[in-house]
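Take a look at the letters that make up each chain.
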Amino acid sequence: MARETPLSRVRNIGIAAHIDAGKTTTTERILYYTGLIHRMGDVDDGTTQMDWMDQEQERGITITSAATTCFWRDHRINIIDTPGHVDFTIEVERCLRVLDGMVAVFCAVGGVEPQSETVWRQADRYGVPRIAFINKMDRLGASFPDAVQSIRERLGARPVLLQLPSGSAEEFRGVYDLLRRRRIVWHDETQGAEFHVEEVPEADRAAVEQARQELVEACGEVDDEVMAAYVEGRSPDEAALLRALRKLTITGRGVPVLCGAALRNKGVQPLIDAIVDFLPSPLDMPPVEGVHPDRDKARKERREASVDGPLAALAFKVTADQFAGTLTWLRLYSGAFRTGQNVYNATKAKHERLGKLVRLHANKREEVREASAGQIVAAVGLRFTGTGDTLSDDKHPLLLDPIPFPEPVISVAVEPKTKDDEERLGAALGKLQLEDPSFQVRVDGETGQTLLWGMGELHLEVLVERLRREFRVQVNTGRPQVAYKETVSAAVESEGRFVRQAAGKGQYGHVRLRLEPNGTGRGIAFRNLAPPSEVPGAFLTAVERGVRDALGAGPLAGYPMVDVAVTLLGGSCHDTDSTEMAFHAAASIAVRDGAPRAQPVLLEPVMSVEVVTPEAALGDVLGDLKARRGRVAGMRQRGDLRLVDALVPLSGMFGYATDLRSRSQGRATYTMQFAQYEPVPASVSSRVVAQVRGGL
């Protein structure tokens, strides 16, 4: 299959950042200067290409990832713009899973912020090389050295400076190019499309030379030619430095740092050059690894990035389109496919037929007939394929690692307003769940209420609003509720026996279990120590299933149990009456008997909160956090502002935005993200349990 662009000239990259760092604005400028669009949009006006949803334009934030393609210096750059708000972190997670490189955008005033850290750790997990762009150098309070230092300290990364800013805040005019020892100044009258270069002024020459020397030293660590020139006191040539910087970036030993002001159209073209020069092509990345679905899972199989290899593609996102139906986003790692071809879903063990294939440009689509290794496309109308599924050749099946999804921490009850709304609600929620794996729908067994579970209040607000706008389902909503969990704090042994006689046929199952704590974050563990004569191997799966089903509702308030180790010690069976159903029931009985005696504990989600406040409001802010059962983990200074890091139970954070504005006269801001589950204090636990049981 012929390729439009050689693999070596393909870049699959993501743009990621903390909210309000200027990520979407930077992407908009990249699209403008590469010629893909001819008019720059504005986030505040709701006119950007990548924020195409109505809610994105109204709220001024990115909610869902958007893909597009542009060209620069004969290279194809496939870009995915990702959300910056922590409630939509699943969008970043699944995109980084399939991308080869990332541009991390930082605010020159705020430096590394909480979601910056989350995104960075996600990129670490998937081994994604990255470059840093310190944006908003034109803002009051901008500090390039402080932003670089925050990358070094808070991310544990090694920043390698490619530029220094020429001025800052209102005096920001351009950048010093350390590689070529020059200053680049952009022309405001051409919206930054034109710029000129000039010599470094005498006053700044020493600082530029010092920074360039540090750049050369970093390059010398990975390139012998550069090191030889450095030792001999010669200036390495530009090609050698570019080669060394590319190696530094791809191996993760350094992070090239550039700067600019995207909103003022300064610094974007060198950033695009850096994407081409330093971020990897699919050929530079290690071969993707997976397992054969029917063989030993410990034996890894590899797929090189080659159009001639067996097909291997990962579905990393599914969207519901009112005109096209289901769009499944695919990253092809090896092989190729074309419209009408049959492929094998190794995850579901199902065959699929590829209908239309499209390239994505935000909410627009360009139909293509074929796609090959290294490309990102969407397939229309796949019936069985969901997020995280692997598509392959049925003669060479491969199962790639799935995409992990976070557990939701907050819920809201919804109730359809009319009979028509009730009929449409189920289908609408099904489509939203298909798109967003971090969103779950559950029905309360006692009240019959439909509960929407998500990652935060904003996440749920957006989903409810989508129900109303896109699916025309009108609903009433209740107050948000916290996703509590339960666990055990002591070891107990218990016994479960299920004996029934009906219509002349008996049912017999008997098990002895030990329940004990399994350690924070380790989930449910099941281990078998029972002699086969007491519990035959044919019934072990039924026993484990019975254990897990029973742990779905804890003894305190019916919340799911976590971090429990269950050991099957023994039991007994009957030659003719023992069945899987009987052992399933016996295991459930044993868990329900043992859990109340294992000193059950209620767990609550605790959030990592960062508050940025003026010094004058610091006392009120600290007192309010304490009243919300928060624990201050540290405080830092940023200019005349104080940064407070705290751990606060999610139940104490409802309505916090309004209270914080009131206490700081509108000057303080905060961000939060899930940190961990922790035991609830006894006084609070008893109140929560009483509320659930109807005691209050």
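Residues numbered from 1 in each chain as written. Predicted model: local features only at pLDDT ≥ 70, side-chain atom pairs only at ≥ 80, totals over all residues. Heavy atoms only, no water.

Caption draft 1: Layout of the pattern of salt bridges. Counted by the stated rule, this structure contains 46 salt bridges. Here E495 makes a salt bridge to R497, at a shortest N to O gap of 3.4 Å. The class for E495 is partly exposed, based on a relative accessible area of 40%. Two residues, D645 and R636, come together in a salt bridge whose shortest N-O distance is 3.1 Å. By sharing partners, the salt bridges in this structure join E117, R154, E610, R636 and D645 into a single network. (Salt bridge = Lys/Arg side-chain N within 4 Å of Asp/Glu carboxyl O. Buried < 20%, exposed > 50% of the residue type's maximum accessible area, 1.4 Å probe, protein only.)

Caption draft 2: Representation of the environment of R302 within the structure. Relative to the elements of secondary structure, R302 occurs in strand 13 (residues 301-303). According to the relative accessible area criterion, R302 is exposed, its value standing at 52%. Here the alpha-carbon distance between R302 and V648, two residues 346 residues apart in the chain, equals 44 Å. Once residues within four sequence positions are removed from consideration, R302 is found in contact with P287, V288 and E289. (Helix = DSSP H or I, 4+ residues; strand = E, 2+ residues; numbered from the N terminus. Contact = heavy atoms within 4.5 Å.)

Caption draft 3: Focus on the pairing of strand 14 (residues 312-321). Most of strand 14 is tucked away, with nine of its 10 residues classed as buried. Where strand 14 and strand 15 (residues 325-334) come together, nine bridges link them in antiparallel fashion. Within strand 15, the residue paired with T319 across the bridge is L327. Relative to strand 23 (residues 390-392), strand 14 runs antiparallel, the two being bridged by three bridges. (Pairing = 2+ DSSP bridges.)

Caption draft 4: View of the nonpolar core. Residues I30, I77, M102, V103, I134, F144 and L245 are the most contacted members of the largest nonpolar core, which totals 82 residues. Here the element with the most residues in this core is helix 9 (residues 268-278); it accounts for seven residues. Setting aside its immediate chain neighbours within four residues, F144 contacts I134, M137, L161, Q163, L164, P165, V257 and C259. (Core = buried A, V, L, I, M, F, W, Y, C linked by side-chain atoms within 4.5 Å.)

Caption draft 5: Layout of the confidence of the model for the protein. Of the residues in the protein, 97% reach a pLDDT of 70 or more, and the chain-wide mean stands at 90. Looking at the elements of the protein, mean pLDDT is at its lowest for helix 2 (residues 54-59), recorded as 71, and at its highest for strand 11 (residues 255-259), recorded as 98. (pLDDT = per-residue confidence, 0-100.)

Caption draft 6: Representation of the sheet that holds strand 7 (residues 163-166) within the structure. In spatial order, the strands read 7-8-9-10; together these four strands make up an open sheet with antiparallel pairing. Of all the strands in the sheet, the pair left with one neighbour each is strand 7 and strand 10 (195-198). Going across the sheet, the axis of each strand differs from the next one's by a mean of 25 degrees, ignoring polarity. Two elements, strand 8 (residues 174-177) and strand 9 (residues 182-186), share four bridges in a ladder whose sense is antiparallel. The residue bridging Y176 from the neighbouring strand is R183, located in strand 9. (Axes fitted to C-alpha atoms, helices over the stretch in contact; angles between N-to-C directions.)

Caption draft 7: Structural context of the domain arrangement of the protein. For the protein, the assigned domains read domain 1 (7-278), domain 2 (288-400), domain 3 (410-483), domain 4 (487-598) and domain 5 (604-693). Using only C-alpha atoms to locate each centre, domain 1 and domain 2 end up separated by 31 Å. At the junction of the two partners, domain 1 supplies 22 residues and domain 2 supplies 18 residues. Summing both sides of the interface, domain 1 and domain 2 together bury roughly 1,700 Å²; the carbon and sulfur share of this comes to 54%. (Domains from an automatic or database assignment. Buried area = accessible area lost by both parts, 1.4 Å probe.)

Caption draft 8: Structural context of the packing of aromatic side chains. The full count for this structure, using the stated rule, is eight aromatic pairs. Between Y32 and Y33, the ring centres sit 5.3 Å apart and the planes meet at 70 degrees, which makes this aromatic pair edge-to-face. Each member of the pair, Y32 as well as Y33, is classed as buried. Measuring from ring centre to ring centre gives 4.7 Å for F539 and F583, while their planes differ by 15 degrees; the resulting arrangement is stacked. (Phe/Tyr/Trp six-rings, centres within 6.5 Å; stacked < 30°, edge-to-face > 60°.)

Caption draft 9: Helix 12 (residues 540-550), seen in detail. Within helix 12, burial applies to A542, V543, G546, V547 and A550. Looking straight down helix 12, one finds that the buried residues subtend no more than 140 degrees of arc, so they occupy a single side. (Arc of directions from axis to C-beta.)

Caption draft 10: Representation of the side chain of S578 within the structure. Along the polypeptide, S578 turns up in the loop between strand 34 (564-572) and helix 13 (580-594). A residue is classified by how much of its surface remains accessible, and S578, at 11% relative accessible area, is buried. Within polar-contact distance, the side chain of S578 engages the backbone oxygen of Y508 at 3.0 Å. Of note is the side chain of S578, whose polar atom sits 2.6 Å from the backbone nitrogen of H574. In contact with S578, other than residues within four places in its own chain, are Y508, F539, C573 and F583. (Polar contact = N/O pair within 3.5 Å; in protein donor to acceptor, adjacent residues only side chain to side chain.)

Caption draft 11: The arrangement of unusual backbone geometry in detail. Phi is positive for R472, close to 55 degrees, though the residue is something other than glycine. Among the structural elements, R472 can be located in the loop between helix 11 (457-469) and strand 28 (475-477). Relative accessible area serves as the criterion here: at 61%, R472 is assigned to the exposed category. Its identity as a non-glycine residue notwithstanding, D563 has a phi of 55 degrees, on the positive side. As for its placement among the helices and strands, D563 is situated in the loop between helix 12 and strand 34.

Caption draft 12: Inspection of the environment of T669 at higher detail. Take T669: it is sitting in strand 38 (residues 669-679). Assessed through its relative accessible area of 46%, T669 is described here as partly exposed. In this structure the C-alpha to C-alpha distance between T669 and E610, which are 59 residues apart in sequence, comes to 8.5 Å. Beyond its immediate sequence surroundings of up to four residues, T669 is in contact with E610, V611, V612 and L660.

Caption draft 13: Spotlight on the sheet that holds strand 31 (residues 492-502). On the basis of which strands lie adjacent, the open sheet formed by four strands has the order 31-32-34-33 and mixed pairing. In this open sheet, the two edge strands, each paired with only one partner strand, are strand 31 and strand 33 (525-528). The sheet shows a mean angle of 25 degrees between the axes of neighbouring strands, direction not considered. On the sheet, helix 12 packs against strand 32 (505-517), strand 33 and strand 34 and is oriented at approximately 150 degrees with respect to strand 33.

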